[in-house]
Amino acid sequence: MAPPGSVGAKIHDLVHSSTATCLRIGSKSGKVMVTGCEDGVVSLWALGRTSPVLNLPGHTSSITSLAIDWPEDYVIVGCASGPIKLWDLQQAKVARTLLGHREATTAIEFHPFGDFFVSGGTEAVVKVWDVKKRGCIQTYSSSTKGSGGSVEVIRITPDGRWIVSGWEDGSVKIWDMTAGKLLKTFTDSASSVTCITFSPFEFVMAVGYVDGRVWFYDLESFDVLVATDLLGSVPRCVEFHKDGKEVIIACQDSIQVWGWDPLVCHDSVPMGWPNVADIRTLEDNKLVGASLDQNMVGVWGIKVDRMSPYKPASELPPIRSVSKGAASQDSLENSSLQSKAVLEPQPNIPSRTTTPSSSNRADENQSQSSQPPHRVASAPRVQQVQQQPLLTKRPSFVGSSGGNIPLNLDINKFTQNGKKRVSPILQSQGPGDDLLSPTSELDLINTLSFRNTSMTLILQGRLNTLQEIKSVWDEGNVRPAVERMVECRDSGVWIDMLKLMNSRAKVFTLDVTILLLPILNELLFEVYEDYIVEACNTIKLLCKGFGPLIVQTLGSNFSSPGIDISREDRQRKYREVYEKLKDIQLTLTDLTRSPGRVGASVKNTLIELEFLG
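The paragraphs below set out a description of the structure included in this document. (Residues numbered from 1 in each chain as written. Predicted model: local features only at pLDDT ≥ 70, side-chain atom pairs only at ≥ 80, totals over all residues. Heavy atoms only, no water.)

### Considerations on the overall build of the protein
The line we're drawing: In this description a helix means any DSSP run of H or I spanning at least four residues, a strand means any run of E spanning at least two, and both kinds are numbered starting from the N terminus. Partly exposed describes any residue whose relative accessible area lies between the buried limit of under 20% and the exposed limit of over 50%, with all areas from a 1.4 Å probe on protein chains only and scaled to the type maximum. Computed with a 1.4 Å probe, the accessible areas rest on the Shrake-Rupley method; for each residue, only the protein chains presented here act as cover.
When helices and strands are tallied, the protein shows 13 helices and 29 strands. Considering the protein as a whole, with its 613 residues, one finds that 54% of them fall into the buried category. Carbon and sulfur atoms form 50% of the exposed surface of the protein, whose accessible area is close to 25,900 Å².

### Let's talk about unusual backbone geometry
Here the amide bond leading from Asp261 into Pro262 is cis, since omega sits at 5°, within 30 degrees of zero. Relative to the assigned elements, Pro262 resides in the loop between β24 (254-260) and β25 (263-270). Omega for the bond connecting Ser308 with Pro309 falls within 30 degrees of zero, at 5°, which places this linkage in the cis form. Its location among the elements puts Pro309 in the loop between β28 (296-303) and β29 (320-321).

### Remarks on the pattern of salt bridges
The test is simple: Think of a salt bridge as a Lys or Arg side-chain nitrogen and an Asp or Glu carboxyl oxygen that are within 4 Å of each other.
Taken as a whole, this structure holds 20 salt bridges when the rule is applied. A salt bridge links Glu576 to Lys580, with the shortest nitrogen-to-oxygen separation between them at 4.0 Å. Linking Glu576 with Lys580, this pair stays in helix α12 (residues 565-589), spanning 4 residues, or about one helical turn. Taken together, the shared-partner salt bridges in this structure form one network comprising Arg479, Glu483, Asp511, Asp569, Arg572, Lys573, Glu576 and Lys580.

### As for the sheet that holds strand β8 (residues 84-88)
What counts is decided by this rule: Note: two strands are recorded as paired if DSSP finds a minimum of 2 bridges between them. The angle between two axes is taken between their N-to-C directions and runs from 0 to 180 degrees, where each axis is a line fitted to C-alpha atoms and a helix contributes only its stretch in contact.
Reading across from one edge, β6-β7-β8-β9 is the order of the 4 strands in this open sheet, with antiparallel pairing throughout. In the strand order of this sheet, the two ends are held by β6 (63-68) and β9 (93-98), each with one partner. Neighbour-to-neighbour, the strand axes of the sheet open up by a mean angle of 20°, direction not taken into account. Here 5 bridges tie strand β7 (residues 74-79) to β8, and the two strands are oriented antiparallel to one another. By the bridge assignment for β8, Ile76 is matched with Leu86.

### Some points on the sheet that holds strand β19 (residues 204-209)
Reading across from one edge, β18-β19-β20-β21 is the order of the 4 strands in this open sheet, with antiparallel pairing throughout. Since the sheet does not close on itself, it has two edges, and those belong to β18 (193-198) and β21 (223-227), each with one partner. Neighbour-to-neighbour, the strand axes of this sheet turn through a mean angle of 25°, independent of strand direction. Examined bridge by bridge, β18 and β19 share 5 bridges and lie antiparallel to one another. Looking at β19, one finds that Cys195 is bridged to Gly208.

### Here's the deal with the nonpolar core
This is how the line gets drawn: By convention a nonpolar core is built from buried Ala, Val, Leu, Ile, Met, Phe, Trp, Tyr and Cys residues, the set being connected through side-chain atoms within 4.5 Å.
Counting residues in hydrophobic clusters, the biggest one holds 47 residues, and the most contacted among them are Leu516, Leu520, Leu524, Ile584 and Leu609. When residues of this core are traced back to their parent elements, those giving at least two are α8 (479-487), α9 (491-502), α10 (510-523), α11 (529-555), α12 and α13 (596-608). The dominant element in this core, judged by the number of residues it contributes, is α11, at 9 residues. Ranked by size, the runner-up nonpolar core spans 20 residues in total, among them Trp162, Val193, Trp215 and Tyr217.

### Quick word on the packing of aromatic side chains
Put simply, the rule reads: Ring geometry is summarised as follows: Phe, Tyr and Trp rings, the Trp one being its six-membered ring, pair when their centres sit within 6.5 Å, and such pairs are stacked at plane angles under 30 degrees, edge-to-face over 60 and tilted between the two.
Taken as a whole and assessed by the stated rule, the structure comprises 10 aromatic pairs. Their ring planes at 65° and their centres at 6.4 Å tell us that Phe110 and Phe117 sit as a pair that is edge-to-face. Given a relative accessible area of 0%, Phe117 falls into the buried group. Between Tyr140 and Trp175, the aromatic rings sit 4.8 Å apart at their centres with planes inclined by 15°, giving stacked as the arrangement. Residue Tyr140 is located in strand β13 (residues 135-141), and its partner Trp175 is located in strand β16 (residues 172-176); the two are separated by 35 residues in the primary sequence.

### Some remarks on α10
Which entries qualify depends on this criterion: What a helix should span is 1.5 Å times the count of its residues minus one. Throughout, the bend at a residue refers to the angle made by two axes, fitted to the seven residues ending there and to the seven starting there.
Relative to the 20 Å expected for 14 residues at 1.5 Å per residue, α10 spans 20 Å between its end C-alpha atoms, a close match to the ideal helical length. For α10, the principal kink sits at Leu516 and spans about 35°; a proline, Pro518, occurs within the next four residues. Most of α10 sits inside the fold, with 11 of its 14 residues counted as buried. Buried residues of α10: Leu510, Val512, Thr513, Ile514, Leu516, Leu517, Ile519, Leu520, Asn521, Glu522 and Leu523, and no others.

### Quick notes on the state of the cysteines
What counts here: Two cysteine sulfur atoms make up a disulfide if the distance between them is within 2.5 Å.
Within this structure, the stated rule accounts for 0 disulfides. For Cys37, which is in no disulfide, the shortest distance to another cysteine sulfur is to Cys22 and amounts to 8.2 Å.

### Some points on the environment of Ser18
Where we set the bar: When checking whether two residues touch, look at their non-hydrogen atoms; a contact exists if any pair is within 4.5 Å.
Relative to the elements of secondary structure, Ser18 occurs in the loop between β1 (8-15) and β2 (20-25). A relative accessible area of 16% means that Ser18 is categorised as buried. Between the C-alpha atoms of Ser18 and Glu38, which are 20 residues apart in sequence, the distance is 6.1 Å. Each residue touching Ser18, except ones within four places of it in the same chain, is listed here: Cys37, Glu38, Asp39, Gln294 and Asn295.

### Comments concerning the packing of α8 against α10
Rules: The scheme is simple: roughly parallel for angles under 35 degrees, roughly antiparallel for over 145, roughly perpendicular for 65 to 115, oblique for anything else. Crossings are sorted by hand: turned counterclockwise from the far helix by less than a right angle, the near helix makes the crossing left-handed, and turned clockwise it makes it right-handed. When residue character is reported, Ala, Val, Leu, Ile, Met, Phe, Trp, Tyr, Cys and Pro are called nonpolar, Asp, Glu, Lys and Arg charged, and the others, Gly included, polar.
Contact pair α8 / α10: the axes reach a minimum separation of 10 Å and the direction vectors enclose 15°. Taken together, α8 and α10 sit at an angle that is classed as roughly parallel. As α8 packs across α10, the resulting crossing turns out to be left-handed. Packed against α8, whose contacting residues are Arg479, Val482, Glu483, Met485 and Val486, the element α10 presents Asp511, Val512, Leu515, Leu516 and Ile519 at the interface. Among the residues making up the contact of α8 with α10, the classes are represented as 7 nonpolar, no polar and 3 charged.

### Quick notes on the packing of α9 against α11
The N-to-C vectors of α9 and α11 enclose an angle of 40°; their axes lie 10 Å apart at closest approach. Here α9 lies oblique to α11, going by the angle between them. Considering only the axes of α9 and α11, their crossing is left-handed. Along its contact with α9, which presents Ser491, Gly492, Ile495, Leu498, Lys499 and Asn502, the element α11 presents Tyr531, Glu534, Asn537, Thr538 and Leu541. Residue composition of the contact of α9 with α11, by class: 4 nonpolar, 5 polar and 2 charged.

Structure (structure tokens):
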């Protein structure tokens, strides 16, 4: 263990006019901080100075939550009475006042790309807000009224597609913004959630709880990976180290470094911060933290390079290994696979953000990145997300191979988990060892098999899914097959099935269309031009088949004696199709400047959608 004074120390205190209730450090620079107080005043600070850059009064009740956007131009503030204010830091004035929460807004977070933010409160709801539309566009709530308690923490995955909310009852809920639904609920702890963060390289989420543990979850399989031993005090903040191999945990009375694969406590250093509220990694293995103490906010500097395992090898003490049994078997069994969705960091985002649902659409001129849980990116891109302002240019599409190689087999993207883990076999090789020098035919087979394991597993999984779909396929009623296709959350399977269905247009019934439209919208966010073109082909077929019927059904104003349940049900379904097609129309509008096949397909599809108005 490193001596406390050599690792971290308080830099200075920031004095406030009343009790400081919450704070956030800007993630772009790590040198800007906003604080909120009981008297309703929000202050902007430049770390290193002891006087505020701005004071932003105007709230009628205590500040309960706040967040600063990536460019550090805006601050969103929630208060005890419910209203939310968006402050423009450049002009030092309120840009928006948004009403929706009837009680205290306890958690708030900016969307990483675009003019959206997410909030949660004591009335046990999570709301998605569109700043330009000046209103709430989605609301998620616990399945049972009153369950879950208040929302304690909200975070958005680096790709911008999933909302993760931590609740007072210890549950962690993952919501899909595009599908507008709950994907998964973790209930591995009965104590309140204190912090949530995501790995920069792995599809892994770390969650801290009041009971003094941090749990690690696989966001690809939705399984529990492992949980730490009791940390000795409450973990208030957790952040992955820049290499993704360890997490830095700021506890109530210490700062600790843990490796999660395998589970190892590398170091634990006592800290004198009374109530640490946020930490942020800086350059050169340095970290800044901030703590709350009545009307004082303490600013702390931590030299991570003086902690194990980052300090020079000659100074490293033996590390303490921890059994993975810390995560109970029951918890592991209960966290069964619910979805094939994948968290995929995607800094090179298109210049749009849509959050389609049956009744709400986001503004068409925003930025977007989710999952679709299928868009794949190589690991290092997350670092770019944390170091660059918002990008507005759509990345180049991955073109087709022209038949010379298998379609779109970019291994880092196609396998959906790219550089997920380095095999222990490779790690054990010395610099002089030659992995390509097998001593026998069996060694050669094993070597080749090892190098293709990732691709083989993906292709085998895709084949198994297609076989399951085939087993329930019936051209007279394809709905069961389409339901299984939607559940698999594999864009490759979706495209294979859409190609088949496009050659058999008669299988597109009204119910099947309702199931397909959300995934067609997701496919428009793919980087593969073949995927987007095939999705456009399907949309055009649906427009030709159902466009006239939608216009006729929704345009009719006739009445009949009594109640015609079948007609009302049909009108409801056509209205749902209409709304989903409007979502797709908004998504396509921002792709009109795309080059090549994508641009041509998009323009032709928009022509087919003109009947929507």
